[in-house]
Amino acid sequence: MELRQLHYFLAVVEEANFTRAAARLHLAQPGVSAQIRQLERELGQPLLDRSGRTVTTTAVGEAVLPFARAALGAVEGLRRTVDEFTGLVRGQVTIGLVSGAAADEFDVAAVLADFHDDHPQVEISLTEDTSERMLAALHRGELDLAVIGLAEEEPPQGVSLQVLVDMPLVAAMAPGDPLLTAPDGRARAALPVADLAGRPLISLPRGTGLRGVLERAGTRAGFRPHVAFEAAAPHLLARLAARGLGVAVLPELPAEAADALGLRTLPLTDPPLRGRVALAWPADGPAAPAAGALLARMRKAFPEVRPEVRPEVRPGVGAPPPYGRMGP
């Protein structure tokens, strides 16, 4: 019995077809068939039922399938362990990014390019998705690493985090919006979350960390946020708000950036809201050495940030000058 025969057997089972399996293995179909028949002769039992339109496992084939997978997995584990000890990193790493994370402050492309130069035998797969779906993919083992937005104060179960962005969220609106003026006629210094009730809001899509923060804050304030417009890029949200289409909930903008967009912003209070973006990975560590090596590289490239401790701004007290940068 040869390992390649088990590899061919698994490929045919997964493709349910000899021709597709051979194409996947980059081999000629007769050669794949011959090797599997040799395996069946050695075991003394047919493993595959070839009588239908698709190839299926026999009862014996179904019974031995887990052992074939385990044998190939053990060999791959042996190779990974030897590679780790010799310093040779190979394999595949799958990374998820929340939309908008690959911005100037997160030059992911540069980190991946440098990593590829050092480890050309590592195949890297990159995808964008919502934070909720990426967390689920991390738990299922479909992602090795992810850059996600955080909706909750407590870290999600089953993952470890390195917070990369932690900044206040603000309400951004066009000049002249009634929310800029308090009931007593004075200009507001801050905006209670409850005052967003009934207003058309502009936010990131459902499943993102910022949207989760907004929805949780609205529930606590006794209302369900009415999101009239949503987009994946914070800069687009800002432009929609500047056109008077609603109030955008955004990471805090520098004063010059808000002025350039034609926006007025107010800190959100009662409670103050924060937007956080973090690098996430399985709590027990990446499964493969290649993923571990890339995680170490990304943690070094994107250092952890600590939130700046600032007093809560309440209406009439006065707001400190804006700080920070536009983030996802």
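This structure is a prediction, so every number in the text was calculated from the model and none was measured.

Remarks on the overall build of the chain
Looking only at helices and strands, one finds ten helices and twelve strands in the chain. Of all 328 residues assigned to the chain, the portion counted as buried reaches 42%. Of all intrachain contacts in the chain linking residues separated by at least 6 positions in sequence, the fraction that spans at least 24 positions is 74%. Approximately 16,800 Å² of the chain is accessible, and the part contributed by carbon and sulfur atoms is 54%.

Overview of helix H5 (residues 108-118)
Turning to H5, its buried residues are Val 108, Val 111, Leu 112 and Phe 115. The arc enclosing the buried residues of H5, seen along the axis, measures out at 95 degrees, which places them on a common side. Of the exposed residues in H5, the ones pointing more than 90 degrees away from its buried face are Ala 109 and Asp 117. Those residues of H5 that are buried are in contact with strand S3 (91-98), strand S4 (122-129) and helix H10 (289-301).

Topic: the pairing of S3
Where burial is concerned, most of S3 is hidden: six out of the eight residues are buried. Here S3 runs beside S4; their pairing, made up of eight bridges, is parallel. Paired with Leu 97 across the strands is Glu 128, a residue of S4. Here S3 runs beside strand S5 (residues 145-150); their pairing, made up of three bridges, is parallel. Of the residues in S5, the one forming a bridge with Leu 97 is Val 147.

Digging into the nonpolar core
Ranked by size, the top nonpolar core spans 32 residues in total, and within it Leu 196 and Leu 268 carry the most contacts. Beyond its immediate stretch of four places on either side in the chain, Leu 268 contacts Leu 169, Val 170, Ala 171, Leu 191, Val 193, Leu 196, Val 249 and Leu 273. Val 147, Met 167, Trp 281 and Ala 290 belong to the second largest nonpolar core, which has 24 residues in total.

Here's the deal with H10
Helical periodicity: at 3.6 residues per turn, an α-helix aligns residues three or four positions apart in one direction. Between the first and last C-alpha of H10 there are 18 Å, a value that for 13 residues agrees with the 18 Å anticipated at 1.5 Å per step. If you check which residues of H10 are buried, you get Ala 290, Ala 291, Leu 294, Leu 295 and Met 298. Buried positions in H10, seen along its axis, are confined to an arc of 135 degrees and lie on one side of it. Tucked into the core, H10 has its buried residues touching S3, H5, S4, S5 and strand S12 (274-282).

Some words on the packing of helix H1 (residues 3-15) against helix H2 (residues 18-25)
Where H1 contacts H2, the two axes come as close as 8 Å, and the packing angle between them is 125 degrees. As summarised for this structure, H1 and H2 are arranged oblique, according to the angle between their axes. In the packing of H1 onto H2, the handedness of the crossing is right-handed. Side by side, H1 and H2 meet where His 7, Tyr 8, Ala 11, Val 12, Glu 14 and Glu 15 of the first sit next to Phe 18, Arg 20, Ala 21, Arg 24 and Leu 25 of the second. Among the residues forming the contact of H1 with H2, the class breakdown is six nonpolar, one polar and four charged.

Side note on the packing of H5 against H10
Between H5 and H10, the least distance of the axes is 11 Å, while the angle of their chain directions is 135 degrees. The angle between H5 and H10 places the two elements in the oblique class. Viewed along their axes, H5 and H10 form a crossing whose handedness is right-handed. On H10, the residues that touch Val 111, Leu 112, Asp 114, Phe 115 and Asp 118 of H5 are Ala 290, Ala 293, Leu 294, Arg 297, Met 298 and Ala 301. In terms of residue class, the contact of H5 with H10 is built from eight nonpolar, no polar and three charged.

Some details on unusual backbone geometry
Residue Pro 271 is bonded to the preceding Asp 270 through a cis peptide linkage, with omega at 0 degrees. For Pro 271, the location among the structural elements is in the loop between strand S11 (264-269) and S12. Of note in this structure, Ala 16 is not a glycine but carries a positive phi near 55 degrees. Locating Ala 16 in the fold gives a position in the loop between H1 and H2.

Here's the deal with the pattern of salt bridges
One pass over the structure, following the stated rule, counts 16 salt bridges. Residues Glu 15 and Arg 20 are paired through a salt bridge, measuring 3.8 Å at the closest nitrogen-oxygen approach. Each of Glu 14, Glu 15, Arg 20 and Arg 24 takes part in a single network of salt bridges with overlapping partners.

Rules of the game
- Residues numbered from 1 in each chain as written.
- Predicted model: local features only at pLDDT ≥ 70, side-chain atom pairs only at ≥ 80, totals over all residues.
- Heavy atoms only, no water.
- Helix = DSSP H or I, 4+ residues; strand = E, 2+ residues; numbered from the N terminus.
- Buried < 20%, exposed > 50% of the residue type's maximum accessible area, 1.4 Å probe, protein only.
- Contact = heavy atoms within 4.5 Å.
- Areas by Shrake-Rupley, 256 points an atom, 1.4 Å probe, with all protein chains shown as cover.
- Arc of directions from axis to C-beta.
- Pairing = 2+ DSSP bridges.
- Core = buried A, V, L, I, M, F, W, Y, C linked by side-chain atoms within 4.5 Å.
- Expected span 1.5 Å × (residues − 1).
- Axes fitted to C-alpha atoms, helices over the stretch in contact; angles between N-to-C directions.
- Parallel < 35°, antiparallel > 145°, perpendicular 65-115°, else oblique.
- Left-handed = near helix turned anticlockwise from the far one by under 90°.
- Nonpolar A, V, L, I, M, F, W, Y, C, P; charged D, E, K, R; others polar.
- Salt bridge = Lys/Arg side-chain N within 4 Å of Asp/Glu carboxyl O.

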